[in-house]
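If you want the building blocks of each chain, they are given just below.
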Amino acid sequence: MQAPRGTRDFGPNEMAARRGLEERLRNVLRTYHYHEVATPAFEELELFLAKSGPGIRDEIYDFKDKSGRELALRPELTAPTMRFYFANLKMEPKPLRLFYFGPCYRYDRPQAGRYREFWQLGIELLGDETPNAHAEVLRLALQLFEEAGLKNFVLRVGHLGILRALLEEAGVKRADQAPLMRYIDKKDLAALEKALQERGGEKAADTILRFFQLERLEELRPLAASPDAMTAFQHLESTWAALAALGADMTRVRIDPTIARGLEYYTGLVFELDAPDLGAEKQLLGGGAYDLSGVFNEQPIASMGFALGFDRTLVALERTQVPPTTPGRVDVILGALVPEAWPEAARLAQILRKSGRVVELESQPVGIKKLLGRASQIRARHAVFLGTKELERKVVAVKDLDTGTQSEISAAELASKL
Ligand code: AMP
């Protein structure tokens, strides 16, 4: 029997690579003083409907439990984290820096880099919406990929305030902007142009279409004409300067005022990070400033976050031939040559394990040839064995499998001498 469509089993090599990457990413988060939170794998369906609208139902795993509660496997972790925040963490001193790492579930069409069960690592910064704080979030996003060892990636940054102000100018009220934002998000320029022309917004249409070509911050300034657009531009400009002060490699950062992120709850700065080598599923991370307080009937709190696609990051690392972490090497294989020596072999195995060594203990007495055969199969560093003679003299025989030399070490000194 196979794992369900869109899900995967992970063998020892894959798990070693996954844990290796997880460790590196966690380490970066720790140095930025982010704290881990965890929420359930399933939530009330209503949470995701309230966040993303009824259309989300087609894209998620929802179900009724045995008492008729409507539940859903989480498709992402921002809504659950904010639910938890408003329920239990509201009183924590600000700014509050949270991170999560866990599996998410979406009823997506499976393909390379797209799964029905996948892992997201993400952060939420709560209570600070200054450009400097936003810049630090962007710096963190970049550093995660730097520490992962990825060579080729680009961070694109935009601001919804600029797009929204232009749409207003073109006669599209805030409440009617959603479909156009979706065209922009999907880069469907034909549909966008048509929709704007229908509203007589030729000039704004022109400007928005020019957005799709520009890459430098300075090119954007003259296009941010209205006061609202200018405020947004200035936020972007200050964030840019702070990002440089934080030592970001600015050759990896581009302006992209066409990032729309499709969803209503984003409020300002938005960004996406891609690995251009990956083709269609190249987006590794996405995020922005948002406001989900309305979903919970709470007072607004400045919120900013991103989610990193962990599986896709691993695919990107494989493509760029970054060597993955491999399963740890066995330090010692330990065997008794006769049944009477087994209790002593077991005692020594425990001493070595307590000292942090990885030890494989043969469960049955073995011959030397068989022990050495197994040692090379599992690529052990040392083979340690003892028979009647060794037992009497309180020593063990040690074969160094890298050099091929064999020696005798007193049992009492084994852990310190190996
Ligand atoms: P999103 O929550 O849609 O902004 O996704 C954040 C990141 O998660 C994306 O940039 C992808 O890297 C990753 N991601 C989203 N959907 C999937 C999926 N079905 N399979 C694998 N990774 C995904």
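Throughout what follows, the structure given in this document is the object of discussion.

Each value, and the rule that gives it
Residues numbered from 1 in each chain as written. Predicted model: local features only at pLDDT ≥ 70, side-chain atom pairs only at ≥ 80, totals over all residues. Heavy atoms only, no water. Helix = DSSP H or I, 4+ residues; strand = E, 2+ residues; numbered from the N terminus. Buried < 20%, exposed > 50% of the residue type's maximum accessible area, 1.4 Å probe, protein only. Contact = heavy atoms within 4.5 Å. Areas by Shrake-Rupley, 256 points an atom, 1.4 Å probe, with all protein chains shown as cover. Lys, Arg positive; Asp, Glu negative; His and termini not counted. Charge placed at Lys NZ, Arg CZ, Asp CG, Glu CD. Pairing = 2+ DSSP bridges. Axes fitted to C-alpha atoms, helices over the stretch in contact; angles between N-to-C directions. Phe/Tyr/Trp six-rings, centres within 6.5 Å; stacked < 30°, edge-to-face > 60°. Lys NZ or Arg CZ within 6 Å of the ring centre and 35° of its normal. Expected span 1.5 Å × (residues − 1). Left-handed = near helix turned anticlockwise from the far one by under 90°. Nonpolar A, V, L, I, M, F, W, Y, C, P; charged D, E, K, R; others polar. Near = heavy atom within 4 Å. Polar contact = N/O pair within 3.5 Å; in protein donor to acceptor, adjacent residues only side chain to side chain.

## What to know about the overall build of the protein chain
The helix and strand inventory of the protein chain stands at 15 helices and 16 strands. With respect to the three principal axes, the spread of C-alpha positions in the protein chain is 95 × 55 × 45 Å. Relative to its full complement of 418 residues, the protein chain shows a buried share of 50%. A sequence separation of at least 24 residues applies to 66% of the contacts in the protein chain between residues at least 6 apart. Here the protein chain displays about 20700 Å² of accessible surface, and carbon together with sulfur accounts for 50% of that area. Here the protein chain carries 57 positive and 59 negative side-chain charges, and the mean point of each set is 5 Å from the other.

## Considerations on the sheet that holds strand β15 (residues 395-400)
To summarise the sheet geometry, strands pair through backbone hydrogen bonds and adopt either a parallel or an antiparallel arrangement. Across the sheet, which stays open at both edges, the five strands sit in the order β13-β12-β14-β15-β16 with mixed pairing between neighbours. Of all the strands in the sheet, just β13 (359-361) and β16 (406-410) have a single pairing partner and so form its edges. Strand-to-strand twist across the sheet, computed as the mean angle between neighbouring axes with direction ignored, equals 25°. Two strands pair when backbone bridges link them, and strand β12 (residues 332-336) and β13 are joined in this way by three bridges, in the parallel orientation. When the sheet's bridge partners are listed, L334 is paired in β13 with L361. Set on the sheet, helix α13 (residues 368-377) makes contact with β12, β13, β14 (382-386) and β15; between it and β14 the angle comes to about 160°.

## Thoughts on the packing of aromatic side chains
Tallied over the full model, the rule gives 10 aromatic pairs. Arranged with centres 5.1 Å apart and planes meeting at 70°, the rings of Y85 and F86 form a pair that is edge-to-face. Among the residues examined, Y85 registers a relative accessible area of 2% and is labelled buried. Following the ring pairs from residue to residue traces out a cluster consisting of Y85, F86 and F296. Taking the ring centre of F10 as reference, the NZ or CZ of R18 above it sits at 4.0 Å.

## Topic: helix α12 (residues 342-354)
End to end, α12 covers 18 Å across 13 residues, agreeing with the expected 18 Å (1.5 Å per residue, within 8%). Listing the buried residues of α12 in full gives E344, A345, A346, L348, A349 and L352. One or two positions beyond α12, positive phi appears at G356, with a value near 95°.

## Description of the pairing of strand β9 (residues 266-274)
For β9, a buried count of eight out of nine residues is recorded, marking the element as mostly surrounded by other parts of the structure. When strand β7 (residues 154-159) meets β9, the two strands line up antiparallel, connected through six bridges. In the strand pairing of β9, G158 is matched with V270. Direction of pairing for β9 relative to strand β10 (residues 283-290): antiparallel, over a ladder of six bridges. Residue pairing in the sheet places Y266 in a bridge with Y290 of β10.

## Regarding the sheet that holds strand β4 (residues 70-73)
Sheet architecture is open: three strands sit in the order β2-β4-β3, paired in antiparallel fashion. The outermost strands of the open sheet, each flanked by one partner alone, are β2 (42-44) and β3 (62-64). Shown here is a sheet whose adjacent strand axes are inclined to one another by a mean of 35°, direction ignored. The strands that helix α2 (residues 45-52) touches are β2, β3 and β4; relative to β2, the one it contacts most, it runs at about 70°.

## Brief notes about unusual backbone geometry
At the junction of K94 and P95, the peptide bond is cis and its omega measures out at -5° in the coordinates. Tracing the sequence through the fold places P95 in the loop between α3 (78-89) and β5 (96-105). Unlike most non-glycine residues, R379 shows phi in positive territory, near 55°. What makes R379 exposed here is its relative accessible area of 53%. Of note, K394 is a non-glycine position whose phi angle comes to about 55°, a positive value. As for its position among the elements, K394 is in the loop between α14 (388-393) and β15.

## So, the packing of helix α1 (residues 12-31) against helix α4 (residues 131-148)
Direction vectors running N to C along α1 and α4 enclose 145°, while the axes themselves pass 9 Å from each other. The two elements α1 and α4 meet at a crossing, and its hand is right-handed. Between α1 and α4, the residues in contact are L21, R24, L25, V28 and L29 and L140, Q143, L144, E147 and A148, respectively. Class assignment for the residues of the contact of α1 with α4 results in seven nonpolar, one polar and two charged.

## A word on the site of the ligand
Around the ligand sit 14 residues in total, of which R106, D108, Y115, R261 and Q283 are the nearest. Contact between the ligand and L285: an oxygen atom at 3.4 Å from a main-chain N or O atom of the residue. Protein contacts shield 87% of the accessible area of the ligand, which totals 490 Å² for the unbound molecule. Elements with a contribution of two residues or more to the shell around the ligand: β6 (117-126), β10 and β11 (303-309). Counting residues per element, the shell around the ligand draws most heavily on β10, which supplies three residues. The residue inventory of the shell around the ligand, partitioned by class, reads five nonpolar, four polar and five charged.

Read these as layout, nothing more, since geometry by itself doesn't imply function.
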